[in-house]
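Residues per chain are reported as follows:
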Amino acid sequence: MSDKFIKINESFKCVYCGIFNERDTHGSCRNHCTECLYSLHVDIYPGDRREKCNGIMKPIQIESIGGKNIIYHKCLVCNKIKKNKSSIDDNLLNFYEAY
Ligand SMILES: [Zn+2]
Ligand SMILES: [Zn+2]
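What you see is a predicted model, and the numbers here were worked out from it, not measured in a lab.

Trainee: Whenever I open this one, the overall build of the chain confuses me. Can you help?
Mentor: Scanning the chain from N- to C-terminus turns up 1 helix and 6 strands. Element order for the chain, N to C, with α for helix and β for strand: β-β-β-β-β-β-α. Evaluated residue by residue, the chain yields a buried proportion of 34% over its 99 residues. For the chain, restricting intrachain contacts to residue pairs at least 6 apart in sequence, the fraction spanning at least 24 positions comes to 32%. Summing over all exposed atoms, the chain offers an accessible surface of approximately 6,400 Å²; the carbon and sulfur share of this is 53%.

Trainee: Please clarify how unusual backbone geometry should be interpreted in this entry.
Mentor: Generally, phi is negative for residues other than glycine and the peptide bonds are trans, each holding for most cases. Positioned with a positive phi, R49 is a non-glycine residue whose angle comes to about 55 degrees. As for its position among the elements, R49 is in the loop between strand 3 (39-40) and strand 4 (56-65). Here N79, not a glycine, exhibits a phi torsion of approximately 70 degrees, which is positive. When you line up the elements, N79 lands in the loop between strand 5 (68-75) and strand 6 (81-85).

Trainee: How should I be thinking about the coordination of the zinc ion (ligand 1) in this particular structure?
Mentor: The reference angle at a metal is 109.5 degrees if four donors form a tetrahedron and 90 or 180 degrees if six donors form an octahedron. Protein ligation of the zinc ion (ligand 1) involves C14 (SG), C17 (SG), C33 (SG) and C36 (SG), the donor distances falling in the range 2.2 to 2.3 Å. Each of the 4 donor atoms around the zinc ion (ligand 1) contributes to a set of angles spanning 103 to 114 degrees, which defines the coordination as tetrahedral.

Trainee: Can you help me understand the coordination of the zinc ion (ligand 2) in this one?
Mentor: Looking at the zinc ion (ligand 2), one finds its protein donor set to be H41 (ND1), C53 (SG), C75 (SG) and C78 (SG), positioned 1.9 to 2.3 Å from the metal centre. Every donor counted, the 4 donor atoms about the zinc ion (ligand 2) form angles of 104 to 121 degrees at the centre, which fits tetrahedral coordination. In primary-sequence terms, the residues that donate to the zinc ion (ligand 2) follow H-x11-C-x21-C-x2-C. Placement of the pair is C53 in the loop between strand 3 and strand 4 and C78 in the loop between strand 5 and strand 6, with a sequence separation of 25 residues.

Trainee: Help me out: how do you make sense of the packing of aromatic side chains in this one?
Mentor: Two aromatic rings are characterised by how far apart their centres lie and by the angle between their planes. This structure, assessed with the given rule, holds 2 aromatic pairs. Taking the centre distance of 3.6 Å and the plane angle of 5 degrees together, the rings of Y16 and Y38 count as stacked. Here Y16, found in the loop between strand 1 (12-13) and strand 2 (20-21), pairs with Y38, found in the loop between strand 2 and strand 3; they are 22 residues apart in sequence, far enough to count as distant. You can call Y16 partly exposed: its relative accessible area is 48%. Here F95 and Y96 contribute two aromatic rings whose centre-to-centre distance is 5.7 Å and whose plane-to-plane angle is 80 degrees, an arrangement assigned as edge-to-face. A residue is classified by how much of its surface remains accessible, and Y96, at 46% relative accessible area, is partly exposed.

Rules used in this analysis
Residues numbered from 1 in each chain as written. Chains lettered and ligands numbered in written order. Predicted model: local features only at pLDDT ≥ 70, side-chain atom pairs only at ≥ 80, totals over all residues. Heavy atoms only, no water. Helix = DSSP H or I, 4+ residues; strand = E, 2+ residues; numbered from the N terminus. Buried < 20%, exposed > 50% of the residue type's maximum accessible area, 1.4 Å probe, protein only. Contact = heavy atoms within 4.5 Å. Areas by Shrake-Rupley, 256 points an atom, 1.4 Å probe, with all protein chains shown as cover. Donors = N, O, S within 2.8 Å, 3.2 Å for Na, K, Ca; no water. Tetrahedral: all angles 85-135°; square planar, octahedral: opposite > 155°, others 65-115°. Phe/Tyr/Trp six-rings, centres within 6.5 Å; stacked < 30°, edge-to-face > 60°.

Keep in mind these values describe shape, not function.
Here it is as structure tokens:
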């Protein structure tokens, strides 16, 4: 078994807007804020928390593929771009209003 499949699904306080995010209860792994969609660069593989960068990841684009929304996050420290599946709780309208 690869440790790439270890997932940490935890509640957290958003570093960007400050709201408290509950753990994801829809079977996936919460890795970004449901309100502002900002994330943190803490995963190499989703949920593993092994990335040392810890930069703030800004949502830069939302792509809809087959009815699922994919959020593109760009790290403001190292400029890495990562794709994340949107959670059912995500307030995507906030993104469309802000950009
Ligand atoms: Zn937030
Ligand atoms: Zn980074």
